[in-house]
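# Structural overview
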Amino acid sequence: MQTRLIIGSSVNLSFNFNKYINCMLNVIPKNDLSGITKIEILNLDISNNKSPKDFTAQYWPSNDGKDSRIEVNINKISKEVIAGYIFKFYKEVAALWLSEYIFHEIGHHVHQFKRHGVKKKKYEQFASKYAKAGYLNYLISRKKKILTSFRIGTFDIIFLNKKERKIMKKNLNDLCEWLEQNKEEIRFPK
């Protein structure tokens, strides 16, 4: 069964979630997605910090691993991690940063249902390693587009202030350095 992407009706970002999340899913071993029936992009109210809706992304396993889902709270992400204007004007940057959250949650699914040799106590560590591998493989798969988006951001005096342009430049330099040292895909954890 293929993973369905569901965009909540209240999500109002100018961002093609279908395109970018499908690109993310293309770098993952297909067997790892087996059992994740949907990824939902939600716009949940986070005004009450003690609310159970106060999450960036979370994994909801099913009992048998055949009907699991991932929820992404784009409201929290756009307020605390990736500003709305990044989603609008720097889509490749937004997708790269968003990918880490999605890969992390997929890592929880893989840990629980696909990699039986990993101890239960190490689930967060496994999910973080999985997220890193996914993030880096996604970066390699869209390298030219992502780096171009960062380069444009380093010169954007209209939408980015000096500090934000400096962050774009540092991110660009870090990504270029990493890509120079790692020319091949990163293996997903076993």
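Along each chain, the written sequence defines residue order, and numbers are assigned to residues from 1. A pLDDT threshold of at least 70 governs which residues receive local features in this predicted model, and a stricter bar of 80 or more applies before side-chain atom pairs are shown or counted, although totals over entire chains, interfaces and linings include all residues. Note that water and hydrogens are dropped before the side-chain values are worked out from all heavy atoms of the structure.

## A word on helix α7 (residues 143-155)
Strands here mean DSSP runs of E at least two residues long; helices mean DSSP runs of H or I at least four residues long; both are numbered from the N terminus. Take the residue count of a helix, subtract one, and multiply by 1.5 Å to get its expected span. If you check α7, its first and last C-alpha atoms are 19 Å apart, about what 13 residues at 1.5 Å a residue would give, namely 18 Å. Taken together, the buried positions of α7 are occupied by I146, L147, S149, F150, G153 and T154. Axial view of α7: buried residues confined to an arc of 155°, hence all on one face. In α7, the exposed positions that point more than 90 degrees away from the buried face belong to K144, I152 and F155. Residues are treated as being in contact if the distance between any of their heavy atoms lies within 4.5 Å. The inward-facing, buried residues of α7 abut α5 (91-113), α6 (123-141) and α8 (162-181). The buried label goes to any residue with under 20% of its type's maximum accessible area, the exposed label to any with over 50%, and the partly exposed label to all in between, with areas taken from a 1.4 Å probe on protein chains only. Picture the helix axis, draw a direction to every C-beta atom, and the arc is the one those directions span.

## Some remarks on the pairing of strand β4 (residues 68-73)
With five of six residues buried, β4 lies mostly within the body of the structure. In terms of strand pairing, strand β2 (residues 36-42) meets β4 through six bridges, oriented parallel. Bridge assignment links I41 to a residue of β4, and that residue is V72. Sheet topology note: the strand β3 (residues 57-60)/β4 ladder contains four bridges and is antiparallel. Paired with W60 across the strands is R69, a residue of β4. Any two strands with at least two DSSP-identified bridges between them are counted as paired.

## Focus on the environment of I146
Of note, I146 is situated in helix α7. Separated by 54 residues in the primary sequence, I146 and E92 have C-alpha atoms spaced 5.1 Å apart. With sequence-adjacent residues up to four places away left out, I146 is seen in contact with E92, L96, Y138, L139 and L175.

## Focus: a nonpolar patch on the surface
Residues form patches when they are more than 30% accessible in relative terms and have no salt bridge. Like charges link within 9 Å. Nonpolar side chains (Val, Leu, Ile, Met, Phe, Trp, Tyr) link within 5 Å. Accessible surface is estimated by sampling points in the Shrake-Rupley manner with a 1.4 Å probe; for residues, cover comes only from the protein chains shown. For this document, the term salt bridge refers to a Lys or Arg side-chain nitrogen within 4 Å of an Asp or Glu carboxyl oxygen. A cluster of nonpolar side chains, contributed by F89, I157, I158 and F159, occupies part of the molecular surface with about 440 Å² of accessible area. Checked against the element boundaries, I158 lands in the loop between α7 and α8. By relative accessible area, I158 is classed as exposed at 70%.

## Focus: the sheet that holds strand β1 (residues 4-7)
As summarised here, the arrangement of the four strands in space is β1-β2-β4-β3, forming an open sheet in which the pairing is mixed. Looking at strand neighbours, the two that pair on one side only are β1 and β3, the edges of this open sheet. Across this sheet, the average inter-strand angle for adjacent strands is 15°, counted without regard to direction. Against the sheet, α5 touches β2, β3 and β4, its axis set at about 20° to β3. Orientation is described by axes fitted as lines to C-alpha atoms, over the contacting stretch for helices, and by angles from 0 to 180 degrees between their N-to-C directions.

## Considerations on the side chain of S68
Inspection of the secondary structure assignment puts S68 in strand β4. Counting of polar contacts relies on pairs of N or O atoms within 3.5 Å, with two restrictions inside protein: one atom must be capable of donating a hydrogen and the other of accepting it, and residues adjacent in sequence are counted only when both atoms are side-chain atoms. At 3.2 Å, the side chain of S68 forms a polar contact with the side chain of Y59. Among residues more than four places away in sequence, those in contact with S68 are G35, I36, T37, K38, Y59, W60, P61, S62, H109 and F113.

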